[in-house]
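Chains, contacts and geometry: an overview
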Amino acid sequence: MSEKDNKMEKIVSLCKRRGFVFQGSEIYGGLKGTWDLGPLGVALNNNIKREWWNMFVEQREDMYGLDAAILMNEKVWEASGHTGAGFSDPVVECKKEGHRFRADHLENLDSCPTCGSIFGEVKNFNLMFETQVGPEGDVKSYLRPETAQGIFVNFKNIVDSMSPKLPFGIAQIGKAFRNEIAPREFLFRVREFEQMEIEYFVSEAEWKEEFEKLRLEIQKWHAHLGLSEENIREYEVPENDLAHYSKRTIDFEYNYPGKGFDELAGFAYRTDHDLKSHEEASGVKMRYTPAEGAPFIPHVLEPSFGLGRVMTAVLVEAYTEDEMNGEVRSYLKLPAHLAPYRVAVSPLLKNKPQLVEKAREVFGMLKKEFGNVAWDDNGNVGKRYRRQDEIGTPYCVVIDFDTLGEEQAELKDTVTVRHRDTGEQERIAIAELKEYIK
Ligand code: ATP
């Protein structure tokens, strides 16, 4: 096994051991393509979403948030083309043991890579999960396979209620479902996942300029996540591979261990295809009225991010092994704004009531300020440091006898702050601690 495969295995194992990611429905043998986020996974995922929302919505004047329903009228998916061949993958099944594969993910269709038997015909398999609405079961719906259509069908509502000026965007974070033929590679290809999507509406004349601006924002976002430039590649999708409605698409790819560069996020210029299709199918005008001139259907730029793939990239980038005090240690070098816990607080000894009382006081103060603060009094201090390193906590604060002023009076009301990446320790006054950690 290569070192890179091994790295992914170590991360998957860390994720389970330390409460980041569990297999979905694990006690019943699992459900393929589903994963559950544990306490630390939820924290990391929420931090990523919060940073994204802050950067792409709150810090801008031209973005509007939305949270549309997952279940939508089936006509939405007819108009968008999802019920047809456009949202199907080619599937093949081997004749002997019925192993199924995505035909376009196999190098050749000569024989089944699992059992060697021959394949049957290639068939189209639609990736949408179908469901019935109401007790009669006569109203069909689907679990949405992307959040984007919820944005398009609300275009008119946003224009009417918010009077935005073009160019403007609508952003949404939410679950999406795809009945993938072969879910695999941890969170990379799953059947239930979260997306963060923006539909950015522009006039046709300005699409190129706005495309470049948003592309820079996406690059900034990846830098904000701590992803290094050499692990990101922008793949310009060749013209003959573009979806029929797209005039330009860039896939932002990340260099996943054991897998190599693969799609992290997509960025597409989708012309006026989507709004036009919904206007035609619904009969409702999907137009923007400029200050001068006639109403028109705007064109759209779509940055689309999958949270599972983002989270995996963040974990891969953060996972580090080094040697500390003659021992190998593994830790997550997460940026402080993403770490599940910003700081952990502990009393040097848990059987000394004065230490515990003072530590609880400091813990309460930091918890009120930051929220994501851990209390850790298990084992000795060295073990606590290792544990916090492994989950990426940037600082550990320890309350010791010096804090109580028992040994050197001038150290009273100071604590030890230990840094995750270097293992260095500093003495900081409790009164300055909040500012210091900020
Ligand atoms: P792929 O080619 O890898 O199947 P896609 O081009 O179909 O992906 P899009 O439809 O562009 O993906 O979806 C936007 C984003 O949603 C992707 O960049 C990815 O991050 C995420 N995504 C899509 N499908 C899945 C999935 N099955 N599991 C996890 N994330 C996904």
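For every chain, the first residue of the written sequence is number 1, and numbering continues from 1 along that sequence. Given that this is a predicted model, residues contribute local features only at a pLDDT of at least 70 and side-chain atom pairs are listed and counted only at 80 or more, while totals for whole chains, interfaces and linings are drawn from all residues. Excluded from the side-chain calculations are hydrogens and water; all other atoms, namely the structure's heavy atoms, are used.

**Some remarks on the overall build of the protein chain**
Put simply, the test is: Note on conventions: DSSP H or I runs of at least 4 residues are helices, E runs of at least 2 residues are strands, and numbering of each starts at the N terminus. For every residue, the accessible area (1.4 Å probe, protein chains only) is compared with the maximum for its type, and the residue is labelled buried under 20%, exposed over 50%, or partly exposed between those bounds. Contact between two residues is taken to exist if any of their heavy atoms lie within 4.5 Å; hydrogens are not considered. Here the positive residues are Lys and Arg and the negative ones are Asp and Glu; neither His nor the chain ends is included. For this purpose, a charge sits on NZ of Lys, CZ of Arg, CG of Asp or CD of Glu.
Of the regular secondary structure elements, the protein chain holds 11 helices and 21 strands. When its C-alpha atoms are laid out on the principal axes, the protein chain stretches across 80 × 65 × 50 Å. The buried share of the protein chain, taken over its 438 residues, is 50%. Taking all contacts inside the protein chain whose residues are at least 6 apart in sequence as the whole, residues at least 24 apart take part in 64%. With 57 positive and 75 negative side-chain charges, the protein chain shows a separation of 3 Å between the mean positions of the two kinds.

**Some details on the site of the ligand**
What counts here: Here a residue counts as near a molecule or strand whenever at least one of its heavy atoms sits within 4 Å of it. Contacts described as polar in this section are N or O atom pairs within 3.5 Å, which, within protein, must combine one atom able to donate a hydrogen with one able to accept it, while residues neighboring in sequence count only if both atoms come from side chains. For the accessible areas, the method is Shrake-Rupley and the probe is 1.4 Å, while residue cover comes only from the protein chains on display. Three classes are used, and their members are as follows: Ala, Val, Leu, Ile, Met, Phe, Trp, Tyr, Cys and Pro are nonpolar, Asp, Glu, Lys and Arg are charged, and the others, Gly among them, are polar.
The local shell around the ligand holds 15 residues, among which Glu180, Arg189, Val190, Glu263 and Ser304 are the closest. Contact between the ligand and Gln195: an oxygen atom at 3.3 Å from a side-chain N or O atom of the residue. Expressed as a share of its isolated accessible area of 590 Å², the protein-covered part of the ligand is 80%. For the shell around the ligand, the elements supplying multiple residues, two or more each, are strand E10 (192–202), strand E13 (260–269) and strand E14 (299–306). Element by element, the count of residues in the shell around the ligand is highest for E13, at 4 residues. Here the shell around the ligand is built from residues that sort into 6 nonpolar, 4 polar and 5 charged.

**Points about the sheet that holds strand E17 (residues 343–347)**
Put simply, the rule is: Each pair of strands is called paired provided DSSP finds at least two bridges between the two strands. A fitted line through C-alpha atoms serves as each axis, taken over the contacting stretch for helices, and the angle formed by two N-to-C directions is quoted from 0 to 180°.
Strand order in the open sheet formed by 5 strands is E18-E17-E19-E20-E21, with mixed pairing between adjacent strands. Either end of the sheet is taken by a strand with one partner, and the two such strands are strand E18 (373–375) and strand E21 (425–429). Averaged over all neighbouring strand pairs, the angle between strand axes comes to 30 degrees, with direction disregarded. The pairing of strand E20 (residues 414–419) with E21 spans 5 bridges and is classified as antiparallel. Residue pairing in the sheet places Thr416 in a bridge with Arg427 of E21.

**Some thoughts on a nonpolar patch on the surface**
The condition is simple: The residues that make up patches have over 30% relative accessible area and no salt bridge, and they are joined within 9 Å when like-charged or within 5 Å when they are Val, Leu, Ile, Met, Phe, Trp or Tyr. Any Lys or Arg side-chain nitrogen located within 4 Å of an Asp or Glu carboxyl oxygen qualifies as a salt bridge.
Residues Leu71, Val133 and Val139 make up a contiguous nonpolar surface patch of about 230 Å² in total accessible area. Examined against the element boundaries, Val139 turns out to sit in strand E8 (residues 139–143).

**Looking at the pattern of salt bridges**
Applying the stated criterion to the full structure yields 41 salt bridges. Here Glu390 ties to Arg17 by a salt bridge, and the two come within 2.7 Å at their closest N and O atoms. Taken together, the positions of Glu390 in helix H10 (residues 381–390) and Arg17 in helix H1 (residues 3–17) put the pair 373 residues apart, joining distant regions of the chain. Assessed through its relative accessible area of 48%, Arg17 is described here as partly exposed.

**Looking at helix H7 (residues 273–282)**
Where H7 is concerned, the buried positions are Asp274, Leu275, Ser277, His278 and Glu279. Those residues of H7 hidden inside the fold are in contact with helix H3 (74–80), helix H4 (148–153), helix H5 (155–162), E10 and E14. Looking one or two residues past H7, Gly283 carries a phi angle of roughly 80 degrees, positive in sign.

**Quick look at the side chain of His299**
The residue His299 is located in strand E14 in this model. A distance of 2.7 Å separates the side chain of His299 from the side chain of Tyr269, its partner in a polar contact. With residues up to four places along the chain from it excluded, the contact list for His299 reads Tyr200, Phe201, Val202, Glu204, Tyr269, Thr271 and Asp272.

**Description of the domain arrangement of the protein chain**
Counted only if it meets this: For the purposes of this description, domain bounds are those given by an automatic or database domain assignment. The buried area of a pairing is the accessible area, by a 1.4 Å probe, that goes missing from both parts when the two are put together, added over both.
On domain assignment, one finds that the protein chain holds domain 1 (3–71 + 132–316), domain 2 (84–127) and domain 3 (341–437). Computed from C-alpha coordinates alone, the two centres of domain 1 and domain 2 are separated by 27 Å. Contacts between the two partners involve 8 residues from domain 1, matched on the other side by 9 residues from domain 2. In total, domain 1 and domain 2 occlude about 720 Å² of area from one another, counting both sides; carbon and sulfur atoms represent 67% of this. The interface formed by domain 1 and domain 2 includes 0 salt bridges. At the junction of domain 1 with domain 2, the criterion picks out 2 residue pairs in polar contact (both at pLDDT 80 or more).

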